[in-house]
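# Structural description and commentary
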Amino acid sequence: MDRRIEIIQGDITTLHVDAIVNAANSSLLGGGGVDGAIHSAAGPQLLEECRTLHGCETGEAKITKGYNLPAAYVIHTVGPIWHGGNNNEDKLLARCYKNGLHLAEQHRVTSIAFPSISTGVYGFPVERASRIALLEMHEHLQHAQSVQKIIAVCFSPHDFGIYQTAVKEFDKN
Ligand code: ADP
């Protein structure tokens, strides 16, 4: 695995990186999980800016400022809802990472942290999602210009273990 990818367990809202990614819903008007945590830590101005964006399609990404967060930017992306795996879920999840990283490059972001998109309320199996996440991060770093560090943030120790296993598998192949 590329050394510029780091797996950690923790709360993404506390990280001192240029950008954190939000696993939002298509309204971009706030929700539970990581979205709720980001909005409460960033403060009400984040929601005000999100209102001006008029939502976001699944697999796409939009950027705002980070307000009261240590991160300068929040990149909002909408992961696919898991419907069994035969409904383009893998591709759409990969697009979240690709588009998020593309936006990061456009804004000269050097460090970025991702939560485990879609694996909470949206029900995407975390083993499968972790492989997609790591592959997209790795691929991006092969042609990255400004991004130097990508952090995969696991909220639970359980997810952290799954991501670590995925790294080991990745290194074998
Ligand atoms: P989705 O709707 O895309 O599934 P969720 O917010 O429900 O989004 O879950 C995505 C992932 O974010 C889950 O693994 C969840 O445990 C994790 N998560 C929740 N709060 C935080 C946080 N503060 N920092 C990092 N990850 C978080």
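Refer to the structure presented above.
These notes cover the structure that comes with them. None of the values given here were measured: they were computed from a predicted structure. Each residue is numbered by its place in its chain's sequence as written, counting from 1. It should be noted that, the model being predicted, local features are given only for residues of pLDDT at least 70 and side-chain atom pairs only at 80 or more, the latter also being counted only at that level, while totals for whole chains, interfaces and linings use all residues. By convention in this description, side-chain values take in all heavy atoms of the structure and omit both hydrogens and water.

A covalent bond between the sulfur atoms of two cysteines is referred to as a disulfide. Pairs of cysteine sulfur atoms within 2.5 Å are identified as disulfides in what follows. Counted under the stated rule, the structure contains zero disulfides. Not part of a disulfide, Cys 56 finds its nearest cysteine sulfur in Cys 96, a span of 8.1 Å.

Lining the immediate environment of the ligand, one finds 15 residues, of which Asp 11, Val 34, Ser 118, Gly 120 and Val 121 sit closest. Asp 11 is positioned with one of its side-chain polar atoms (N or O) 2.9 Å from a nitrogen atom of the ligand. The backbone of Val 121 places a nitrogen or oxygen atom 2.9 Å from an oxygen atom of the ligand. Contact with the protein chains covers 89% of the free accessible surface of the ligand, which is 560 Å². It suffices for a single heavy atom of a residue to lie within 4 Å of a molecule or strand for the residue to be listed as near it. Here a polar contact is recorded for every N or O atom pair within 3.5 Å, except that within protein the pair must consist of a potential hydrogen donor and a potential acceptor, and residues adjacent in sequence are included only if both atoms are side-chain atoms. Only the protein chains shown count as covering a residue, and every accessible area follows the Shrake-Rupley method with a 1.4 Å probe.

What follows covers helix H1 (residues 33-42). When a residue's accessible area, from a 1.4 Å probe over protein chains only, is under 20% of the maximum for its type it is buried; when over 50% it is exposed; and in between it is partly exposed. Only DSSP runs of H or I with at least four residues qualify as helices, and only runs of E with at least two residues qualify as strands; both kinds are numbered from the N terminus onward. Of all the residues in H1, the buried ones are Asp 35, Ile 38, His 39 and Ala 42. Projected down its long axis, H1 shows its buried positions confined to an angular sector of 95°, all on one face. Turned more than 90 degrees away from the buried face of H1, the exposed residues are Gly 33 and Ser 40. When checking whether two residues touch, look at their non-hydrogen atoms; a contact exists if any pair is within 4.5 Å. On the buried face of H1, the contacting elements are strand S2 (19-24), helix H2 (44-51) and strand S4 (73-78). Backbone geometry just downstream of H1 places Gly 43 in the positive-phi region, at approximately 95°. Note that the arc is defined by the directions from the helix axis to the C-beta atoms.

Right, let's get into the side chain of Ser 130. One can find Ser 130 in helix H4 (residues 126-143). From its side chain, Ser 130 meets the backbone oxygen of Glu 127 in a polar contact 2.7 Å long. Discounting residues that sit within four places of it in the chain, Ser 130 has contacts with Ile 162, Tyr 163 and Ala 166.

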